[in-house]
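Tertiary structure, described
Listed here are the chains, written in short residue letters.
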Amino acid sequence: MFSKVYFLPWNRKNELCDFLKVAGVVNHVKARDFLAIKIHFGEDGNDGYIRSEYVLPVVKIVKERTAYPFLTDASTIYVGKRSDAYHHLLIANKHGFTIEKCGCPVVIADGMRGNAEKKVEVNLKYFKNVYIAHEIYNADGFVFMSHFKGHEITGFGGALKNIGMGCGSKSGKYAMHHSSKPLVRQELCIGCGTCVKNCYQKALYLVDKRIVMNKEKCTGCGQCMVSCVLKVFKLNWNEGPATVQEKIVEYAVGVLKNKNGSYINFLNHISKYCDCFSLEKNGPLMYDVGIVAGVDPVAVDQASYDVVNKAFGKDFFKSIYPEIDPTIQLNYAEKLGLGNKKYILVKY
Ligand code: SF4
Ligand code: SF4
């Protein structure tokens, strides 16, 4: 069985609206659906994120079905401009994701502090339950707009990563990234107590103005890393690329459980690192290729991977990350029934 995937060359990107209709990206949208358009608003200083001008055509065709679209993303576990809703909304606004430009509101899906989440049972290899950002869970359906580029842990990041990692709450993201608790650099602590107030597991306390963690109580939610401006807490990146990819896919199963979505991958500004990096050197490493869309996330990612590699003349992702096999996410997603690696590419 083959899934249909549609391709629009980058030099015809002004035909996006008609292309998306042909690709069937709103066929699943019903009247009065609260329709989540999941996107990455870009970290401060990053310029690889999908531009707001490409959101308006999506919003337009969702509204034609008399549904209620909203743009959304969830908090990060690293300390940046997207680690709480307040700063996340400011950066989204700075990057042009406004009602005036996009035609719909922005909702940060896991609340002000990134702890508004819903438990979803999946019963898979790594997770019995996954923790999804609350308003993602509440959405009636999805359109995932994903920037397809290199990724330092998963080789490439596309639709599957946007679904799984992108829709996890802070604790969900933490569980995907690693299995242990944050490292505590006690010598940096000045005893201000901020993290103690923000640890909802009550796993932190002060002794002689130095922070102490009760590892039995800690769930690895990552809240303390965001709270402490002195960076006393440090992420313990101890998972290998294969495990992280499979965990992301298990989260994607939870996000899409009993829901329908469609997937639009932007194969432009194809950089080495993801859009969470605010690095000037994170520029594109090849020319802008086009846009891939469809209703099967596995086929859309597989096709994006193949189209980029063909345009590059050899495996682009192997050339930037020779030690990572990015196809693990595709194989596991197909195995778990999220879609089909076999596709027919329809050129628009
Ligand atoms: S927020 Fe940081 S400096 Fe303040 S008590 Fe916690 S670890 Fe120490
Ligand atoms: S990671 Fe652990 S110590 Fe830090 S806030 Fe969460 S539960 Fe508390």
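Read on for a plain summary of the structure. Here, residues in each chain are numbered from 1, in the same order as that chain's written sequence. Chain letters start at A and ligand numbers start at 1, both assigned in the order the entries are written. Local features are withheld for residues below a pLDDT of 70 in this predicted model, meaning they are given only at 70 or higher, and side-chain atom pairs are given and counted only at 80 or more; totals for whole chains, interfaces and linings count all residues. The side-chain numbers reported here are obtained from all heavy atoms of the structure, hydrogens and water having been left aside.

Looking at the overall build of the protein chain
- Helix and strand definitions follow DSSP, with helices as H or I runs of at least four residues and strands as E runs of at least two, each counted in order from the N terminus. In terms of regular secondary structure, the protein chain is built from 13 helices and 16 strands.
- Restricting the calculation to C-alpha atoms gives the radius of gyration, and the globule rule supplies 2.2 Å times the number of residues raised to the power 0.38. For 348 residues, the compact-globule formula gives about 20 Å, and the C-alpha radius of gyration of the protein chain, at 20 Å, lands near that figure.
- With the C-alpha coordinates of the protein chain rotated into their principal frame, the extents come out at 65 × 45 × 40 Å.
- Put simply, the protein chain has 348 residues, and 57% of those count as buried. Only protein chains enter the accessibility calculation, which uses a 1.4 Å probe; a residue whose area is less than 20% of its type maximum is buried, one above 50% is exposed, and one in between is partly exposed.

Overview of the site of ligand 1
- Working definition: residue near molecule or strand if any one of its non-hydrogen atoms lies within 4 Å of it. In the region of ligand 1, 13 residues are neighbours, and Cys-189, Cys-192, Gly-193, Cys-195 and Cys-228 sit closest.
- Across the shell around ligand 1, the residue classes break down as 10 nonpolar, three polar and no charged. Amino acid classes used here: Ala, Val, Leu, Ile, Met, Phe, Trp, Tyr, Cys and Pro are nonpolar; Asp, Glu, Lys and Arg are charged; the rest, including Gly, are polar.

Thoughts on the pairing of strand β2 (residues 34-38)
- Counting buried positions along β2 yields four of five residues, so the element is predominantly enclosed.
- Assessed by its sense of winding, the connection that carries the chain from β2 through helix α2 (residues 55-63) to strand β3 (residues 68-73) is right-handed.
- Here, strands pair whenever DSSP counts at least two bridges between them. Direction of pairing for β2 relative to strand β7 (residues 141-147): parallel, over a ladder of four bridges. Across the sheet, residue Leu-35 finds its bridge partner in β7, namely Gly-141. By the criterion used throughout, a crossover qualifies as right-handed when its path from the first strand across the helix to the second strand runs clockwise, the strands pointing away from the viewer.

A few points about the pairing of strand β14 (residues 260-267)
- Of all eight residues in β14, seven are buried, a share of seventy percent or more.
- Direction of pairing for β7 relative to β14: parallel, over a ladder of seven bridges. In the strand pairing of β14, Phe-142 is matched with Gly-261.
- In this structure, β14 lies alongside strand β15 (residues 290-294), joined through five bridges in antiparallel fashion. Of the residues in β15, the one forming a bridge with Leu-267 is Gly-290.

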